[in-house]
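Take a look at the letters that make up each chain.
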Amino acid sequence: MGIRFILMVNKQGQTRLAQYYEYLTLEERRALEGEIVRKCLARNEQQCSFVEHRTYKIVYRRYASLFFLVGVDNGEVSDLFLIMEWFFTRILKCHASKDIAFECNLCITSELFELRTANSIWL
């Protein structure tokens, strides 16, 4: 029950952060990430932020050039996870505005101001 995985990918589909809460082999993770990322990147802004894939419901949100994807069980309340993603992007924006070198630009240039920071905030 609950969150099965969290992914952060850029617009080119490259995974920048991946955290799994259930065991998947490396091959299964690559296949799953590839399928989900292709589905989410192909959608336009007018479509909803929920996608069903296999046994998961994917809740995603785009922020600047990054996509935040959360895989949850099909029976979970998706709105809560969308709010959680919104909250996380607000934290990143606040954190980025304090970093002068970052210059409030959450783009690929600094690759998410070192993934350690994102990892510590997210997880």
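Provided above is the structure to which this section pertains.
This report concerns the structure included in the present document. (Residues numbered from 1 in each chain as written. Predicted model: local features only at pLDDT ≥ 70, side-chain atom pairs only at ≥ 80, totals over all residues. Heavy atoms only, no water.)

What follows is about the sheet that holds strand S4 (residues 56-63). Sheet architecture is open: five strands sit in the order S2-S1-S5-S4-S3, paired in antiparallel fashion. If you trace the sheet from one side to the other, it starts and ends with strand S2 (15-20) and strand S3 (50-53), each paired once. Here the average twist between neighbouring strands, direction ignored, is 20°. Pairing between S3 and S4: four bridges, direction antiparallel. Looking at S4, one finds that Val51 is bridged to Ile58. Sitting on the sheet, helix H1 (residues 26-42) touches strand S1 (3-10), S2, S3, S4 and strand S5 (66-73), and the angle it makes with S3 is about 140°. (Pairing = 2+ DSSP bridges. Helix = DSSP H or I, 4+ residues; strand = E, 2+ residues; numbered from the N terminus. Axes fitted to C-alpha atoms, helices over the stretch in contact; angles between N-to-C directions. Contact = heavy atoms within 4.5 Å.)

Moving on: the pattern of salt bridges. Proximity of charged atoms lets side chains of opposite charge pair with each other. Using the criterion set out here, one finds four salt bridges in the structure. Here Arg54 makes a salt bridge to Glu35, at a shortest N to O gap of 2.9 Å. With Arg54 in the loop between S3 and S4 and Glu35 in helix H1, the pair connects residues that are 19 residues apart, well separated along the chain. A relative accessible area of 26% places Glu35 in the partly exposed class. (Salt bridge = Lys/Arg side-chain N within 4 Å of Asp/Glu carboxyl O. Buried < 20%, exposed > 50% of the residue type's maximum accessible area, 1.4 Å probe, protein only.)

Here we come to the environment of Thr89. Looking at where Thr89 falls in the secondary structure, it is placed in helix H2 (residues 78-98). Look at Thr89 and you get buried, because its relative accessible area is 1%. Setting aside chain neighbours within four positions, we find Thr89 in contact with Arg61, Tyr63 and Phe68.

Our focus in this paragraph is the pairing of S4. With respect to burial, S4 is a largely interior element, six of its eight residues being buried. Hairpin connection of S3 to S4: two residues between the antiparallel strands, including Arg54 at a positive phi of 55°. As paired strands, S4 and S5 are joined by eight bridges and run antiparallel to one another. Its bridge partner being in S5, Tyr60 is matched across the sheet by Leu69. Between the end of S4 and the start of S5, which pair antiparallel, lie two residues, with Ala64 showing a positive phi angle near 55°.

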